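These are the residues of each chain, in order.
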Amino acid sequence: MKAALIQMKVQKENDENLVTACALISQAAQAGADLIMLPEMFCCPYETKNFPVYAQQEKGSNWQILSECAKKSRIYLVAGSMPERAGEQIFNTSYVFDRQGVQIAKHRKMHLFDIDIRGGQHFCESETLTAGSQITVFDTEFGKMGLMICFDIRFPELSRLLALRGARAILVPAAFNLTTGPAHWELNFRSRAVDNQVFLLGCSPARDMQSSYHAYGNSLVVSPWGNILAKLDEQEGILYCDIELRETEEVREQLPLLKARRTDIYS
């Protein structure tokens, strides 16, 4: 499987971001990508006040455009994340489309980014967002994959549940910042990959120091052994990486961590 992670700058206008995303999806597909991922909140400046303003219902205009992009390019599309309106609630939601443009998965961010770091970042997603409650695994022709969004990666229970449900790769649209990114971005991805012996793919927005939220960037792919297979810097770009999902079985045979778990004690 050839994966492509699109690290794009997020502009103020939803439609402008959709045009950029679709152009980059087409470019990645022409380069041979099978699976393409966009960043967290790729269509919306990352501020809590913006989420209700930019929110759309499932199968809204953004959904329709991205479904058509996946169908036109004949690729699997992990459509980053965007604000989803469901009644009175707003979720941080990622949709996944197959090669025919059919939605095959949907994940609502389960762990909201509410932090207050002394001398660093303050952010409170729960001011406008509602937490999701579903564990998301989906099938592809290459194998099962799991899906989470950004802050979800910090909770090892969720990654373990995805692995136990058969995921061979975990896909993570994310937007770490300049406080948490240098400290924990690479550490989290390598840790979750080693713990569960799966591939971890993290797609961030590009850094824009003119925006209100400064994304860390550094989109990356990590192997089940914990090696970084590919990585970008903070600039705009597309990260390509060839992935062989059966490597998870090879690593698990050599180092049978999941089989050696003492669930009789843990429970």
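Residues numbered from 1 in each chain as written. Predicted model: local features only at pLDDT ≥ 70, side-chain atom pairs only at ≥ 80, totals over all residues. Heavy atoms only, no water.

> What's the story with unusual backbone geometry in this structure? I'm lost.
Among all residues except glycine, the phi angle is most often negative; among peptide bonds, the trans geometry is most common. The backbone of Arg 74 sits at a positive phi, close to 60 degrees, despite the residue not being glycine. If you check the backbone angles, Asn 218 has positive phi at about 60 degrees while not being a glycine. Tracing the backbone shows Asn 218 in the loop between β12 (199-203) and β13 (220-222). (Helix = DSSP H or I, 4+ residues; strand = E, 2+ residues; numbered from the N terminus.)

> Any chance you could explain the packing of helix α1 (residues 14-30) against helix α3 (residues 61-73) here in plain terms?
Any two packed helices are characterised by how steeply their axes cross, that is the angle between the axes, and by the distance between the axes. As a packed pair, α1 and α3 sit with axes 10 Å apart at the nearest point and diverge in direction by 15 degrees. Relative to α3, α1 is oriented roughly parallel. Where α1 crosses over α3, the handedness of that crossing is right-handed. In this structure, α1 uses Asn 14, Leu 18, Cys 22, Ile 25, Ser 26 and Ala 29 to contact α3, whose residues at the interface are Asn 62, Ile 65, Leu 66, Cys 69 and Ser 73. (Axes fitted to C-alpha atoms, helices over the stretch in contact; angles between N-to-C directions. Parallel < 35°, antiparallel > 145°, perpendicular 65-115°, else oblique. Left-handed = near helix turned anticlockwise from the far one by under 90°. Contact = heavy atoms within 4.5 Å.)

> Looking at this structure, how should I read the packing of aromatic side chains?
Each aromatic ring pair is summarised here by two numbers: the centre-to-centre distance and the angle between the ring planes. Per the stated rule, a full pass over the model turns up nine aromatic pairs. Measuring from centroid to centroid gives 5.3 Å for Trp 63 and Phe 97, while their planes differ by 75 degrees, and the two rings are edge-to-face. Placement of Trp 63 in helix α3 and of Phe 97 in strand β5 (residues 89-97) is noted, with a sequence separation of 34 residues between them. When the ring of Tyr 95 is compared with that of Phe 97, the centres are 6.5 Å apart and the planes differ by 40 degrees; the resulting orientation is tilted. When sorted by exposure, Tyr 95 lands in the same class as Phe 97, which is buried. (Phe/Tyr/Trp six-rings, centres within 6.5 Å; stacked < 30°, edge-to-face > 60°. Buried < 20%, exposed > 50% of the residue type's maximum accessible area, 1.4 Å probe, protein only.)

> Honestly, α3 in this entry has me stumped. Any pointers?
Think of an α-helix as 3.6 residues a turn; residues three or four steps apart then line up on the same face. Between its first and last C-alpha atoms α3 spans 18 Å; for 13 residues at 1.5 Å apiece the expected length is 18 Å, and the two agree. Taken as a whole, α3 has its buried residues at Asn 62, Trp 63, Leu 66, Ser 67, Cys 69, Ala 70 and Ser 73. Buried residues of α3 fall within an arc of 155 degrees about the axis and therefore sit on the same side. Turning to α3, the residues buried within the fold contact α1, β3 (76-78), β4 (82-86), β5 and β6 (103-108). (Expected span 1.5 Å × (residues − 1). Arc of directions from axis to C-beta.)

> Sorry if this is basic, but what is going on with the state of the cysteines here?
The bond known as a disulfide is covalent and runs between the sulfur atoms of two cysteines. A complete count under the given rule lists one disulfide for this structure. Across the disulfide from Cys 22 sits Cys 69; the S-S distance is 2.5 Å. Its S-S torsion of about 115 degrees marks the bond between Cys 22 and Cys 69 as right-handed, since a negative value means left-handed. On the criterion of sequence distance, the pair formed by Cys 22 in helix α1 and Cys 69 in helix α3 is long-range, its members being 47 residues apart. There is no disulfide at Cys 43, and the cysteine sulfur nearest it, in Cys 44, is 5.9 Å away. The buried category is assigned to Cys 43, whose relative accessible area is 0%. In this structure Cys 241 is not part of a disulfide, and its nearest cysteine sulfur, from Cys 203, lies 13 Å away. (Disulfide = S-S within 2.5 Å.)

> Would you explain α1 in this entry?
Between the first and last C-alpha of α1 there are 25 Å, a value that for 17 residues agrees with the 24 Å anticipated at 1.5 Å per step. What α1 keeps buried is the set Asn 14, Asn 17, Leu 18, Ala 21, Cys 22, Ile 25, Ala 28 and Ala 29. Buried positions in α1, seen along its axis, are confined to an arc of 130 degrees and lie on one side of it. Every exposed residue of α1 that faces more than 90 degrees away from the buried side is listed here: Val 19 and Gln 30. Elements in contact with the buried residues of α1: β1 (2-7), β2 (35-37), α2 (50-54), α3, β3 and β15 (237-242). Gly 32 occupies a position one or two residues after α1 and carries a positive phi of about 100 degrees.

> In this structure, what is going on with the side chain of His 107? I would like to understand it.
By the element assignment, His 107 lies in strand β6. A relative accessible area of 0% means that His 107 is categorised as buried. Among the polar contacts listed, one links the side chain of His 107 to the side chain of Thr 136, at a separation of 2.9 Å. Excluding residues within four positions of it along the chain, His 107 makes contact with Asn 92, Thr 93, Ser 94, Gln 134, Thr 136, Leu 147, Met 148, Ile 149 and Asp 152. (Polar contact = N/O pair within 3.5 Å; in protein donor to acceptor, adjacent residues only side chain to side chain.)

> Just checking my understanding: could you explain the sheet that holds strand β10 (residues 143-147) for this structure?
Strand order in the open sheet formed by six strands is β9-β10-β11-β12-β13-β14, and the pairing between neighbours is mixed. In this open sheet, the two edge strands, each paired with only one partner strand, are β9 (136-140) and β14 (228-231). Neighbour to neighbour, the strand axes of the sheet diverge by 20 degrees on average, direction disregarded. Bridge analysis of β9 against β10 gives five bridges, and the strand direction is antiparallel. Residue pairing for β10: Thr 140 is matched across the bridge by Gly 143. (Pairing = 2+ DSSP bridges.)

These figures capture arrangement, not role.
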